[in-house]
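Survey of secondary and tertiary structure
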There are 2 protein chains.
Amino acid sequence: MTFEAVVEVRLKAGVADPEGATIHVALCQLGMEQVREVHGGRMFRLSIDADDPETARRIATTAASGLLANPVLEDYTVEVSDRSSGGVAAEHGVVPQIRP
Amino acid sequence: MTFEAVVEVRLKAGVADPEGATIHVALCQLGMEQVREVHGGRMFRLSIDADDPETARRIATTAASGLLANPVLEDYTVEVSDRSSGGVAAEHGVVPQIRP
(Lines give C-alpha, C1' and ligand atoms only; values in the text may rest on other atoms or scores of the structure.)
Protein backbone atom coordinates (compact mmCIF):
# COMPACT_ATOMS: atom_id res chain seq x y z
CA MET A 1 0.00 0.00 0.00
CA THR A 2 1.30 3.42 -0.88
CA PHE A 3 0.77 6.38 1.39
CA GLU A 4 1.51 10.00 0.71
CA ALA A 5 3.17 11.89 3.53
CA VAL A 6 3.33 15.67 3.47
CA VAL A 7 6.11 17.12 5.61
CA GLU A 8 5.90 20.84 6.22
CA VAL A 9 9.04 22.50 7.57
CA ARG A 10 8.92 26.03 8.88
CA LEU A 11 10.96 28.33 11.05
CA LYS A 12 10.38 28.18 14.78
CA ALA A 13 8.48 31.08 16.30
CA GLY A 14 10.91 33.88 17.06
CA VAL A 15 13.44 32.99 14.39
CA ALA A 16 13.97 35.86 11.93
CA ASP A 17 12.21 35.27 8.61
CA PRO A 18 13.73 37.72 6.11
CA GLU A 19 12.15 35.90 3.16
CA GLY A 20 8.67 36.33 4.62
CA ALA A 21 9.35 39.98 5.46
CA THR A 22 10.61 40.70 1.94
CA ILE A 23 7.57 39.05 0.36
CA HIS A 24 5.29 41.03 2.69
CA VAL A 25 6.86 44.32 1.59
CA ALA A 26 6.61 43.30 -2.07
CA LEU A 27 2.92 42.35 -1.75
CA CYS A 28 2.15 45.70 -0.10
CA GLN A 29 3.95 47.50 -2.92
CA LEU A 30 1.84 45.52 -5.39
CA GLY A 31 -1.31 46.88 -3.72
CA MET A 32 -2.11 43.96 -1.41
CA GLU A 33 -2.03 45.90 1.87
CA GLN A 34 -4.62 43.50 3.31
CA VAL A 35 -1.82 40.97 3.75
CA ARG A 36 -0.66 41.43 7.34
CA GLU A 37 2.00 38.78 7.63
CA VAL A 38 3.86 36.28 5.46
CA HIS A 39 5.82 33.23 6.55
CA GLY A 40 7.75 31.04 4.18
CA GLY A 41 8.46 27.36 4.56
CA ARG A 42 9.32 24.19 2.70
CA MET A 43 7.16 21.24 1.89
CA PHE A 44 8.04 17.69 0.92
CA ARG A 45 5.71 15.06 -0.49
CA LEU A 46 6.89 11.51 0.12
CA SER A 47 5.37 8.39 -1.44
CA ILE A 48 5.89 5.62 1.09
CA ASP A 49 5.27 1.89 0.80
CA ALA A 50 3.91 0.68 4.13
CA ASP A 51 1.38 -1.74 5.58
CA ASP A 52 -0.50 0.90 7.56
CA PRO A 53 -0.61 4.66 8.00
CA GLU A 54 1.14 4.46 11.38
CA THR A 55 4.22 2.90 9.78
CA ALA A 56 4.18 5.46 6.96
CA ARG A 57 3.95 8.26 9.51
CA ARG A 58 6.83 6.84 11.51
CA ILE A 59 9.03 6.71 8.41
CA ALA A 60 8.06 10.26 7.39
CA THR A 61 8.75 11.53 10.91
CA THR A 62 12.18 9.88 10.91
CA ALA A 63 12.91 11.49 7.51
CA ALA A 64 11.76 14.88 8.77
CA SER A 65 13.75 14.82 12.01
CA GLY A 66 16.85 13.25 10.49
CA LEU A 67 17.17 15.00 7.15
CA LEU A 68 14.46 17.43 6.06
CA ALA A 69 14.35 19.82 9.03
CA ASN A 70 17.06 21.60 10.95
CA PRO A 71 15.95 20.99 14.54
CA VAL A 72 17.80 24.05 15.83
CA LEU A 73 15.83 26.53 13.73
CA GLU A 74 12.85 24.67 12.33
CA ASP A 75 9.68 22.87 13.34
CA TYR A 76 7.88 20.35 11.21
CA THR A 77 4.53 18.67 10.86
CA VAL A 78 3.72 15.37 9.19
CA GLU A 79 0.41 14.44 7.57
CA VAL A 80 -0.24 11.04 6.04
CA SER A 81 -2.99 10.14 3.61
CA ASP A 82 -3.85 6.94 1.78
CA ARG A 83 -2.84 7.46 -1.81
CA SER A 84 -4.23 4.21 -3.16
CA SER A 85 -7.82 5.03 -2.24
CA GLY A 86 -8.07 7.94 -4.62
CA GLY A 87 -6.75 10.60 -2.31
CA VAL A 88 -9.25 10.08 0.50
CA ALA A 89 -7.50 10.68 3.79
CA ALA A 90 -7.11 7.50 5.80
CA GLU A 91 -4.88 9.13 8.35
CA HIS A 92 -4.50 12.78 9.01
CA GLY A 93 -2.61 13.94 12.00
CA VAL A 94 -0.08 16.46 13.13
CA VAL A 95 2.88 14.84 14.76
CA PRO A 96 4.49 16.89 17.50
CA GLN A 97 8.17 17.44 17.01
CA ILE A 98 10.24 14.61 18.40
CA ARG A 99 13.37 15.58 20.23
CA PRO A 100 16.35 13.29 20.36
CA MET B 1 -11.64 39.41 10.09
CA THR B 2 -8.32 37.68 9.59
CA PHE B 3 -7.96 34.65 7.37
CA GLU B 4 -4.98 32.42 6.94
CA ALA B 5 -4.15 31.45 3.38
CA VAL B 6 -1.73 28.64 2.68
CA VAL B 7 -0.13 28.80 -0.77
CA GLU B 8 1.70 25.69 -1.86
CA VAL B 9 4.02 26.07 -4.83
CA ARG B 10 5.46 23.00 -6.54
CA LEU B 11 7.08 22.08 -9.79
CA LYS B 12 4.80 21.16 -12.67
CA ALA B 13 4.64 17.49 -13.58
CA GLY B 14 7.50 16.68 -15.92
CA VAL B 15 9.84 19.39 -14.69
CA ALA B 16 13.09 17.93 -13.35
CA ASP B 17 13.24 17.93 -9.56
CA PRO B 18 16.90 17.40 -8.59
CA GLU B 19 16.22 18.39 -4.97
CA GLY B 20 13.60 15.67 -4.62
CA ALA B 21 15.82 13.11 -6.34
CA THR B 22 18.76 13.96 -4.06
CA ILE B 23 16.61 13.67 -0.93
CA HIS B 24 15.25 10.35 -2.18
CA VAL B 25 18.77 8.94 -2.60
CA ALA B 26 19.77 10.23 0.83
CA LEU B 27 16.72 8.67 2.52
CA CYS B 28 17.47 5.31 0.87
CA GLN B 29 21.07 5.53 2.10
CA LEU B 30 19.74 6.21 5.59
CA GLY B 31 17.76 2.96 5.44
CA MET B 32 14.36 4.30 4.40
CA GLU B 33 14.00 2.27 1.20
CA GLN B 34 10.20 2.30 1.66
CA VAL B 35 10.23 5.87 0.37
CA ARG B 36 9.48 5.56 -3.35
CA GLU B 37 9.42 9.18 -4.41
CA VAL B 38 10.13 12.63 -2.99
CA HIS B 39 8.99 15.98 -4.33
CA GLY B 40 10.04 19.29 -2.83
CA GLY B 41 8.07 22.50 -2.86
CA ARG B 42 7.60 25.80 -1.11
CA MET B 43 4.85 26.93 1.16
CA PHE B 44 3.72 30.38 2.20
CA ARG B 45 1.34 31.26 5.01
CA LEU B 46 -0.36 34.62 4.57
CA SER B 47 -2.47 36.40 7.19
CA ILE B 48 -5.05 38.40 5.28
CA ASP B 49 -7.57 40.99 6.52
CA ALA B 50 -10.76 40.49 4.52
CA ASP B 51 -14.52 40.57 4.96
CA ASP B 52 -15.09 37.05 3.71
CA PRO B 53 -13.09 33.97 2.69
CA GLU B 54 -13.76 34.58 -1.00
CA THR B 55 -11.98 37.94 -0.85
CA ALA B 56 -9.07 36.43 1.11
CA ARG B 57 -8.76 33.68 -1.44
CA ARG B 58 -8.80 36.15 -4.31
CA ILE B 59 -5.96 38.15 -2.69
CA ALA B 60 -3.93 34.99 -1.99
CA THR B 61 -4.44 33.79 -5.57
CA THR B 62 -3.26 37.14 -6.93
CA ALA B 63 -0.20 36.95 -4.67
CA ALA B 64 0.53 33.39 -5.80
CA SER B 65 0.18 34.06 -9.52
CA GLY B 66 1.92 37.43 -9.46
CA LEU B 67 4.79 36.88 -7.06
CA LEU B 68 5.09 33.55 -5.25
CA ALA B 69 5.03 31.08 -8.16
CA ASN B 70 6.88 31.01 -11.45
CA PRO B 71 4.06 30.16 -13.87
CA VAL B 72 6.46 28.67 -16.42
CA LEU B 73 7.74 25.95 -14.12
CA GLU B 74 5.42 25.83 -11.14
CA ASP B 75 1.84 25.12 -10.14
CA TYR B 76 0.22 26.38 -6.99
CA THR B 77 -2.75 25.70 -4.77
CA VAL B 78 -4.43 28.06 -2.34
CA GLU B 79 -6.30 27.07 0.81
CA VAL B 80 -8.02 29.59 3.05
CA SER B 81 -9.13 29.06 6.63
CA ASP B 82 -10.71 31.35 9.18
CA ARG B 83 -8.03 32.22 11.68
CA SER B 84 -10.25 34.12 14.10
CA SER B 85 -12.42 31.10 14.90
CA GLY B 86 -9.63 29.11 16.47
CA GLY B 87 -8.39 27.41 13.37
CA VAL B 88 -11.67 25.85 12.26
CA ALA B 89 -11.76 25.85 8.50
CA ALA B 90 -14.33 28.27 7.17
CA GLU B 91 -13.21 27.86 3.60
CA HIS B 92 -11.11 25.13 2.16
CA GLY B 93 -10.65 24.85 -1.52
CA VAL B 94 -8.07 24.28 -4.16
CA VAL B 95 -7.98 27.04 -6.69
CA PRO B 96 -7.05 25.92 -10.18
CA GLN B 97 -4.14 27.79 -11.63
CA ILE B 98 -5.20 31.00 -13.32
CA ARG B 99 -3.52 31.79 -16.59
CA PRO B 100 -3.04 35.38 -17.71
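Okay, so let's go over this structure. Treat the numbers as computed from the prediction; the structure is a model and nothing was measured. (Residues numbered from 1 in each chain as written. Chains lettered and ligands numbered in written order. Predicted model: local features only at pLDDT ≥ 70, side-chain atom pairs only at ≥ 80, totals over all residues. Heavy atoms only, no water.)

Before going further, it helps to examine the overall build of chain A. Within chain A, the secondary structure is distributed over two helices and three strands. Listed N to C, the secondary structure of chain A is β-α-β-α-β in terms of helices and strands. Of all 100 residues assigned to chain A, the portion counted as buried reaches 44%. Partitioning the intrachain contacts of chain A with sequence separation of at least 6 by distance along the chain shows that 66% fall at a separation of at least 24. (Helix = DSSP H or I, 4+ residues; strand = E, 2+ residues; numbered from the N terminus. Buried < 20%, exposed > 50% of the residue type's maximum accessible area, 1.4 Å probe, protein only. Contact = heavy atoms within 4.5 Å.)

Our focus in this paragraph is the relation of the copies chain B and chain A. The two copies are related by a screw motion: chain B maps onto chain A through a turn of 180° and a shift of 0.0 Å along the axis, at an RMSD of 0.0 Å. The transformation relating the two chain copies, once decomposed into turn and shift, fits a two-fold axis. It is B:Arg42 whose C-alpha, among those of chain B, lies nearest the rotation axis, at 2.2 Å. (Least-squares fit on C-alpha atoms with pLDDT ≥ 70 in both.)

It is worth spelling out a nonpolar patch on the surface at this point. Residue and element names in this part refer to chain B. On the surface, Leu11, Val72 and Leu73 cluster together to form a nonpolar patch covering roughly 250 Å² of accessible area. Mapped onto the fold, Leu73 is located in the loop between helix 2 (53–68) and strand 3 (74–82). On the basis of relative accessibility, which here comes to 37%, the residue Leu73 falls in the partly exposed class. (Patch = residues over 30% accessible without salt bridge, like charges linked within 9 Å, V, L, I, M, F, W, Y side chains within 5 Å. Areas by Shrake-Rupley, 256 points an atom, 1.4 Å probe, with all protein chains shown as cover. Salt bridge = Lys/Arg side-chain N within 4 Å of Asp/Glu carboxyl O.)

On to the pattern of salt bridges. All names here are of chain A. According to the stated counting rule, one finds 14 salt bridges over all chains in the structure shown. The salt bridge involving Asp75 is made with Lys12; its shortest N-O contact spans 3.2 Å. Residue Asp75 is located in strand 3 (residues 74–82), and its partner Lys12 is located in the loop between strand 1 (2–11) and helix 1 (18–29); the two are separated by 63 residues in the primary sequence. In this structure Asp75 comes out as partly exposed when scored by relative accessible area, which is 29%. Look at Lys12 and you get buried, because its relative accessible area is 16%.

All names here are of chain A. As for its placement among the helices and strands, Asp52 is situated in the loop between strand 2 (35–49) and helix 2 (53–68). Overall, the relative accessible area of 28% leaves Asp52 in the partly exposed class. C-alpha of Asp52 to C-alpha of Met1: the two residues are 51 residues apart in sequence and 7.6 Å apart in space. One polar contact links the side chain of Asp52 to the main-chain amide nitrogen of Thr55, over a distance of 2.9 Å. (Polar contact = N/O pair within 3.5 Å; in protein donor to acceptor, adjacent residues only side chain to side chain.)

Right, let's talk about the interface of chain B and chain A for a bit. If you look at the interface, chain B gives 30 residues, while chain A gives 30 residues. Summed over the shared surface of chain B and chain A, the number is four salt bridges. Here A:Asp49 makes a salt bridge to B:Arg36, at a shortest N to O gap of 2.4 Å. Counting across the interface, chain B meets chain A through 14 residue pairs in polar contact (both at pLDDT 80 or more).

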